[in-house]
Amino acid sequence: MTESNAHVTDSAGIYLDYAAATPVDPEVVAAMLPYLTDDFYNPSAPYAKARRVKADLERARATLAHLIGAQPANVVLTAGATEANNLAFSAVSGEVAVSAIEHASVLACAQAHPSCLTIPVKRDGGVEPAAVASSITPQTELVSIALANGEVGTIQPIRKIAQVVRAERARRLEAGEQRPLWLHTDASQAAGCLSVSVSSLGADLITLSAAKLYGPKQVGLLWAADGVRLKPLVRGGGQEGGVRSGTENVAGVVGFARALELAADRRSSEAARLKGLRNRLQQLLTSRFEDAVVFGPSKDRQRLPGLLALSFPGLDARRLVILLEQQGVSVGTGSACAASKMQASPALLALGATPEQAAGSLRITLGRPTTGEEVDAAARAIIRAVEQERERVSGRGGSD
């Protein structure tokens, strides 16, 4: 753990909500700093200093494209994953199909279309390619399934799902049907530990976010394959090929490129390290509480390595979060979007969790600064909080 990351962890206690936000890596900060100070120029301006900044912006775009095996012209820079997801849905105007456990930004986009189909998921959160094939109708124009779910960590078989989409597209072409069909995947939560190569995924549209990669918030991208026609959501000066107007966030994009470089370099070793820590934490908690419910796949290769979603039925996870914060431990209760509305996670309910299980669920996510000592300390804190709440609920702990 670097000195800078140690400072972030120490000043904030034990932070275990990296799926919600990651600290900006010191190397990313260093890459961004010149564009926040000396090289602050608007890349659309005509003079030499601004043209140099424009060239740096395009180099960063080229780096991002290279890291996902794409061409720079197919990369649209956005203000985060939510905007990228919205832009992906702009490619179609008709029927769309999404899994039942997608991020709120995808679900909201889907529900805004004239017709929205819901693809069922298994109890572990997995989407079967056969279920996708059964859900697609002759009117479907877009299928959107995240590469990895941010609440329970399920990694989806996107490449196999892409084969289903391509088969339907080929059928339509042979039948002379003109309706398009594209596959979109939000790979934001997965990019730190899984390949996001456009060729390996096989999707037509891919969303990425710097904020999940120890980069700056409000910076993201949408990769769109040749043939996909995006409609602008933000109009103005015509930046990003007319698809996304507005003065480019040069510092953010440069930081994004550096963050993705670092993630790619560390992907394999960091995934293995986080898997070991996550499994250690899971064993400590489930051995103490036999009735705890762990959500997501049982096989390590099918879920994100640093994510542990589990429930303590009969308890209110919001109270557990407060008790843990009092002990200096920060965890989440499902996606940050759902938690901010103080509602049970729709994703957990879609998996078949009971309302009681959903209400008692914590989402614990480990990150680059997380150490074994922190995992052990967090386990002790969670055990204390759960036992304290169970005493209170049973009437042995007195009134509030």
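Because the structure is predicted, anything quoted here is derived from the model rather than measured.

### Focus on the overall build of the chain
1) Next: Across its full length, the chain carries 14 helices and 12 strands.
2) Next: For the chain, the spread of C-alpha atoms along the principal axes amounts to about 70 × 55 × 35 Å.
3) Next: Taken as a whole, the chain presents about 17200 Å² of accessible surface, with 52% of it coming from carbon and sulfur.
4) Next: When the 42 basic and 40 acidic side-chain charges of the chain are each reduced to a single mean position, those positions are 3 Å apart.

### Thoughts on the pairing of strand 3 (residues 95-99)
1) Next: In terms of residue burial, strand 3 counts as a mostly covered element, since 5 of its 5 residues are buried.
2) Next: In this sheet, strand 5 (residues 140-144) lies alongside strand 3 in parallel orientation, the contact comprising 4 bridges. Residue pairing in the sheet places Ala 97 in a bridge with Val 143 of strand 5.
3) Next: Sheet topology places strand 3 next to strand 4 (residues 116-119); 4 bridges connect them, and they run parallel. Bridge pairing in strand 4 links Ala 97 to Leu 117.

### A few points about the domain arrangement of the chain
Often, the extent of an interface is quoted as the loss of accessible area upon association of its parts.
1) Next: The domain boundaries assigned to the chain delineate domain 1 (8-23 + 267-392) and domain 2 (26-262).
2) Next: The distance between the C-alpha centroids of domain 1 and domain 2 comes to 28 Å.
3) Next: Domain 1 puts 31 residues into the contact, and the matching count from domain 2 is 32 residues.
4) Next: It is Arg 267, Leu 304 and Leu 351 in domain 1 that bury the most area against domain 2; as a group they hold 28% of the surface buried on that side.
5) Next: Applying the counting criterion to the domain 1 and domain 2 interface returns 0 salt bridges.
6) Next: Inspection of the domain 1/domain 2 interface yields 12 residue pairs in polar contact (both at pLDDT 80 or more).
7) Next: For the side of domain 1 that touches domain 2, the secondary structure elements donating two or more residues are helix 9 (250-288), strand 10 (307-311) and helix 12 (346-350).

### A closer look at the sheet that holds strand 10
1) Next: Reading across the sheet, the 3 strands line up as 9-10-12 and stay open at both edges, with antiparallel pairing between neighbours. One side of each edge strand has no neighbouring strand; the edge strands of this open sheet are strand 9 (293-294) and strand 12 (361-365).
2) Next: By the bridge criterion, 5 bridges tie strand 10 to strand 12 in an arrangement that is antiparallel. When the sheet's bridge partners are listed, Leu 308 is paired in strand 12 with Ile 364.

### As for the side chain of Glu 240
1) Next: As for its position among the elements, Glu 240 is in the loop between strand 8 (220-224) and helix 9.
2) Next: Look at Glu 240 and you get buried, because its relative accessible area is 12%.
3) Next: Within the structure, the side chain of Glu 240 is placed 2.8 Å from the side chain of Arg 61, a separation counted as a polar contact.
4) Next: Sequence-distant contacts of Glu 240, that is, excluding residues within four places in its chain, are made with Arg 61, Val 75, Val 76, Leu 77 and Glu 248.

Conventions adopted
- Residues numbered from 1 in each chain as written.
- Predicted model: local features only at pLDDT ≥ 70, side-chain atom pairs only at ≥ 80, totals over all residues.
- Heavy atoms only, no water.
- Helix = DSSP H or I, 4+ residues; strand = E, 2+ residues; numbered from the N terminus.
- Areas by Shrake-Rupley, 256 points an atom, 1.4 Å probe, with all protein chains shown as cover.
- Lys, Arg positive; Asp, Glu negative; His and termini not counted.
- Charge placed at Lys NZ, Arg CZ, Asp CG, Glu CD.
- Buried < 20%, exposed > 50% of the residue type's maximum accessible area, 1.4 Å probe, protein only.
- Pairing = 2+ DSSP bridges.
- Domains from an automatic or database assignment.
- Contact = heavy atoms within 4.5 Å.
- Buried area = accessible area lost by both parts, 1.4 Å probe.
- Salt bridge = Lys/Arg side-chain N within 4 Å of Asp/Glu carboxyl O.
- Polar contact = N/O pair within 3.5 Å; in protein donor to acceptor, adjacent residues only side chain to side chain.

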